[in-house]
Amino acid sequence: MESTEIMAMEEYTDLLPEEPRNIEVITGEILLFKAQAGASILEIGKRLIEVKAQLGHGEWLDYLKEKVEFSPRTAQDMMRLAKEYSNTQTFAFLGAQKALQLLALSAPEREEFVAKNDIENMSVRQLKEAIKAKEDAERERDEALEEAKAIRQDLMGQLEELQRAHSVSMEQAQAKLREACDNAEKARRAEVELKEKLKDLDKPRPADERELDAARKEAADKARAEESKKLKSQIEKAEQAAKKANEEKAKAEQAAAAAKAAYDQAAQIEAKEREQLNAEMNDLRKKLAMAGSSEMTIFKVHFEAMQEQANKMIECIGRAGENGNAELADKMRAAVKGCCNAIISGLGG
């Protein structure tokens, strides 16, 4: 590999200075020209916007082709970059390709993304994958939130319907209980009134000399007996009505107790379902927070890239061994081990 690099550099020997210069100085010059190139792209984009505003319909494409030799896609990219990046230093730091990829994000999201991630050390492909992963995570988060919201609304609707049903049942049971109590009280009063009338009939009457006539006395006794019998029959019916009213009252009390128990059970179910729903929402928020973490997303991209490069290095070592170059394979293994040890040392702990 080293011999290949040396042979490639031979093509550029005519451009090298007589005396080697300090690499830091050269790097500073590279960054300066890079910033100037970025500023030039933004300035070109601004002027393209200015030109297009003055051209009539159908003149734009001819202008690009004949005057400045830009493709419509290139001109459009420059105009978009000029519109979105007012800070030339930020643009120079990113580079045109990375800046274009970041246009997929809104301005606030773009600033936050650049501040939180190591954009400088990411390739354009890795940046594109990281942006896509961020958008996918946000879309999954939004879908999960919508689904959770729909589930919550459905459960709340069911709980409200259950509450209404039990409230109606409770009101009906209480109404029946009040009616049974009223009927029982009426029956009790009727029974007391009839018993008082019976007592009046059973009281002995003083003898009346004018009524000593046997026929009249017999008729009077017979009338009292019939009236007494009639009252006793009425008392018996009143007692039966009172008994029935008391039975209905007991049933109504049982129904009211059952309705109250059902209402209490529904309240317990509602509290339990609310607690379960809150637990599920908290768990969902934790998962969404993990899915929306920019650091985790970027780490995943770098980790997958590292796995890919590691597999390629292992394949190179394997081919060297298969070609009989054991010494080269050992050097490759040593280099990989050194790199792994450096990573482990950097992790600490």
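See the structure shown above.
Residues numbered from 1 in each chain as written. Predicted model: local features only at pLDDT ≥ 70, side-chain atom pairs only at ≥ 80, totals over all residues. Heavy atoms only, no water.

A. Inspection of the overall build of the chain at higher detail. What the chain contains, in helices and strands, is 11 helices and 0 strands. Helices and strands in the chain line up, N terminus first, as α-α-α-α-α-α-α-α-α-α-α. Within the span of the chain, comprising 349 residues, buried residues form 20% of the whole. In the chain, the share of contacts with a sequence separation of at least 24, taken over all contacts with a separation of at least 6, comes to 67%. Total accessible area on the chain stands at roughly 26,300 Å², and carbon and sulfur atoms take up 54% of it. (Helix = DSSP H or I, 4+ residues; strand = E, 2+ residues; numbered from the N terminus. Buried < 20%, exposed > 50% of the residue type's maximum accessible area, 1.4 Å probe, protein only. Contact = heavy atoms within 4.5 Å. Areas by Shrake-Rupley, 256 points an atom, 1.4 Å probe, with all protein chains shown as cover.)

B. Focus on a negative patch on the surface. A contiguous patch of negative charge, built from Glu 179, Asp 182, Glu 247 and Glu 248, is present on the exposed surface. Looking at the negative patch, the elements with two or more residues in it are α8 (124–202) and α9 (214–291). Mapped onto the elements of the fold, Glu 179 is located in helix α8. (Patch = residues over 30% accessible without salt bridge, like charges linked within 9 Å, V, L, I, M, F, W, Y side chains within 5 Å. Salt bridge = Lys/Arg side-chain N within 4 Å of Asp/Glu carboxyl O. Lys, Arg positive; Asp, Glu negative; His and termini not counted. Charge placed at Lys NZ, Arg CZ, Asp CG, Glu CD.)

C. Here's a closer look at the packing of aromatic side chains. Under the definition given, this model contains 1 aromatic pair. Relative to Tyr 63, the ring of Trp 60 lies with its centre 6.2 Å away and its plane at 15°, an arrangement referred to as stacked. Of this pair, Trp 60 and Tyr 63 both sit in helix α3 (residues 60–68), 3 residues apart, which is roughly one turn of the helix. Between Arg 110 and the ring centre of Tyr 85, over which it is positioned, the NZ or CZ distance is 5.1 Å. (Phe/Tyr/Trp six-rings, centres within 6.5 Å; stacked < 30°, edge-to-face > 60°. Lys NZ or Arg CZ within 6 Å of the ring centre and 35° of its normal.)

D. Focus on the environment of Gln 101. Within the secondary structure, Gln 101 is located in helix α6 (residues 96–102). The spacing of Gln 101 and Glu 129 is 28 residues in sequence and 10.0 Å in space, taken between C-alpha atoms. Not counting residues up to four positions away in its chain, the partners in contact with Gln 101 are Val 124, Leu 127, Lys 128 and Ile 131.

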